[in-house]
Amino acid sequence: MRFGTYYSIIDWHHDSQYRNSDGKNGWDKWGQVAMKPDQRAVYIQYMKNQLKELIVKYDTDMLWFDGDWVNWWDMAAGQELYQYLRELKPSLIINNRVAKREQFKRDFGTPEQEHLSAKVDYDWEACYTLNNSWGFKRSDSAWKSPEEVNKKLVEINTQGGNLLLNIGPDGNGEVPAISKEILLKAAAERKGQAK
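Rules used throughout
Numbers given to residues run from 1 along each chain, matching the order in which its sequence is written. With pLDDT at 70 or above as the cut-off, local features in this predicted model cover only qualifying residues; side-chain atom pairs require 80 or more to be listed or tallied, and sums for whole chains, interfaces and linings still use all residues. Only hydrogens and water are set aside when side-chain values are computed; all heavy atoms of the structure are taken into account. DSSP bridges decide pairing: two strands pair if at least two such bridges lie between them. Counting from the N terminus, the helices are DSSP H or I runs at least four residues long and the strands are E runs at least two residues long.

## Remarks on the sheet that holds strand β5 (residues 93-94)
At step 1: An order of β1-β4-β5 is seen for the three strands of this open sheet, with the pairing classed as parallel. Each edge of the open sheet carries a strand with a single partner, namely β1 (4-8) and β5.
At step 2: Pairing of strand β4 (residues 62-66) with β5 involves two bridges; the strand directions are parallel. In the strand pairing of β5, Leu-63 is matched with Ile-94.

What follows is the structure in structure tokens.
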């Protein structure tokens, strides 16, 4: 098994970023965080230092970026960061969210809550949640059935993709019992089909 690392371009705790007070809702205020203009270069260097540590000290084989949607992060910054990381470790696998995901096509694509219906000439993985939430949310009971999980897996694999399935651990790292139940049933169903 190879070691991969998730990395958010957004950092709500870093002094360079702050809640977007012009936002009309929670997403606009916290998802579209603002950057202090004179701190952008400082923050990018901070990111590079953290990422270098993940590569040099922990030998991560893959970096899975997220947060590319913020307005202060642009294609040029993403391309420059990609090149920097590639120089640190040429074999590193980096998803397309290191830059602007709609435009950046290396090393693999990451469609979210949907998947491709035809084969393409690049690597990709479809990112789904087991319910409707990316994080733990007690009130979200819109769980996918084991059959739905397996159907997505087959459709995605048939088109050459990988399924990334978020199972929403709680604040203590515990996987919800319903998530375990669905995954175990899906695995048993797959095992039964393989016979």
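## Focus: unusual backbone geometry
At step 1: Looking along the chain, the bond that leaves Arg-106 and enters Asp-107 is cis, with omega of -20 degrees.
At step 2: The topology assignment puts Asp-107 in the loop between β5 and β6 (108-109).
At step 3: Positive phi outside glycine occurs at Asp-59, with the angle close to 55 degrees.
At step 4: Assignment of secondary structure puts Asp-59 in the loop between α2 (40-56) and β4.

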